[in-house]
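Coordinates in review
Here is how the chains run, residue by residue.
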Amino acid sequence: VSPLARKLAFTAHVSFSVGWFGAVAAFLGLSIVGLTSQHEETVRGVYLVMEPAAWFVLIPLAIGSLVSGLVQGLVTPWGLARHYWVLAKLLINVFATTLLLVYMRTFSAMANVAADDQAELGTVRNISPVFHAALALVLLLAATVLAVYKPRGLTPYGQRRSQTRLARPVRR
Amino acid sequence: MASEPREDQSPAEEAGATTGVPRWVKIFAIIAVVVIVIVIVVAIVGDGHGPSRHSSPLKGGGVGQHGT
């Protein structure tokens, strides 16, 4: 893989990942508005907009982050399972994306309640998105910290690969 | 993944510095298990992961419930 393609893949991964973090932060803000606003239209609007916003923003960014991360692992010397920090990031990404996909049902149900004129405002308000957005932010922050600090540690697979490289005669 | 291992980095140096499971990995694993258990328990207790579960609406007790 050419250096240009590597840089492009890396740029895509950083953009998707940081974008995902920012989008979740925006959802946390929306969730707080939904809980605290005194205006009925605003409260209903918050829960109505969450579902399409999640489909059009959160999910593409999550999938983009996951796929571009897999590409990064495959085209760089870091690999996918050689270093603990890369593996940990991958697990965080898969876990957070899975939770998001499962949570789409909740977004849909909250939108249905918000769209119901007969539903009282207390029924429309929901604290669940606050918890989920906060959990997602913690997970994504942990992934960012791992990516920046890259703590040392080779997995057993990484150690075996390293030993194999050591044993291989050097070609001149 | 801001930077990559140096091409001239010795594999022995790389492996020697990282033999065994680092402490941060153990701590990370414990936290991960706790989080996963909490998610599973919440999903089971709440009968799945949906709107009528742990995401129960704030009936009668919402902040600023009486909006205008």
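Structure first, text after, so check above.
Read on for an overview of the structure. (Residues numbered from 1 in each chain as written. Chains lettered and ligands numbered in written order. Predicted model: local features only at pLDDT ≥ 70, side-chain atom pairs only at ≥ 80, totals over all residues. Heavy atoms only, no water.)

Points about a nonpolar patch on the surface
A surface patch of nonpolar side chains, about 430 Å² in accessible area, is lined by L141, V145, V148 and Y149 of chain A. Summarising the element assignment, V148 of chain A is placed in helix α5 (residues 128-149). (Patch = residues over 30% accessible without salt bridge, like charges linked within 9 Å, V, L, I, M, F, W, Y side chains within 5 Å. Areas by Shrake-Rupley, 256 points an atom, 1.4 Å probe, with all protein chains shown as cover. Salt bridge = Lys/Arg side-chain N within 4 Å of Asp/Glu carboxyl O. Helix = DSSP H or I, 4+ residues; strand = E, 2+ residues; numbered from the N terminus.)

Some points on the environment of K89 of chain A
Residue and element names in this part refer to chain A. With respect to the helices and strands, K89 occurs in helix α3 (residues 84-115). Using a relative accessible area of 12% as the deciding quantity, one classes K89 as buried. C-alpha separation for the pair K89 and A143, spaced 54 residues apart in sequence, amounts to 5.2 Å. Among all residues touching K89, those that are not within four sequence positions of it are H13, A143, L146 and A147. At 3.2 Å, the side chain of K89 forms a polar contact with the side chain of H13. (Buried < 20%, exposed > 50% of the residue type's maximum accessible area, 1.4 Å probe, protein only. Contact = heavy atoms within 4.5 Å. Polar contact = N/O pair within 3.5 Å; in protein donor to acceptor, adjacent residues only side chain to side chain.)

So, the packing of aromatic side chains
Counted under the stated rule, the structure contains four aromatic pairs over all chains. In this structure an aromatic cluster arises from ring pairing among F27, Y103 and F107 of chain A. (Phe/Tyr/Trp six-rings, centres within 6.5 Å; stacked < 30°, edge-to-face > 60°.)

Some words on the environment of T98 of chain A
All names here are of chain A. In this structure, T98 sits in helix α3. For T98, a relative accessible area of 42% gives the class partly exposed. For the pair T98 and F21, spaced 77 residues apart in sequence, the C-alpha to C-alpha distance is 16 Å.

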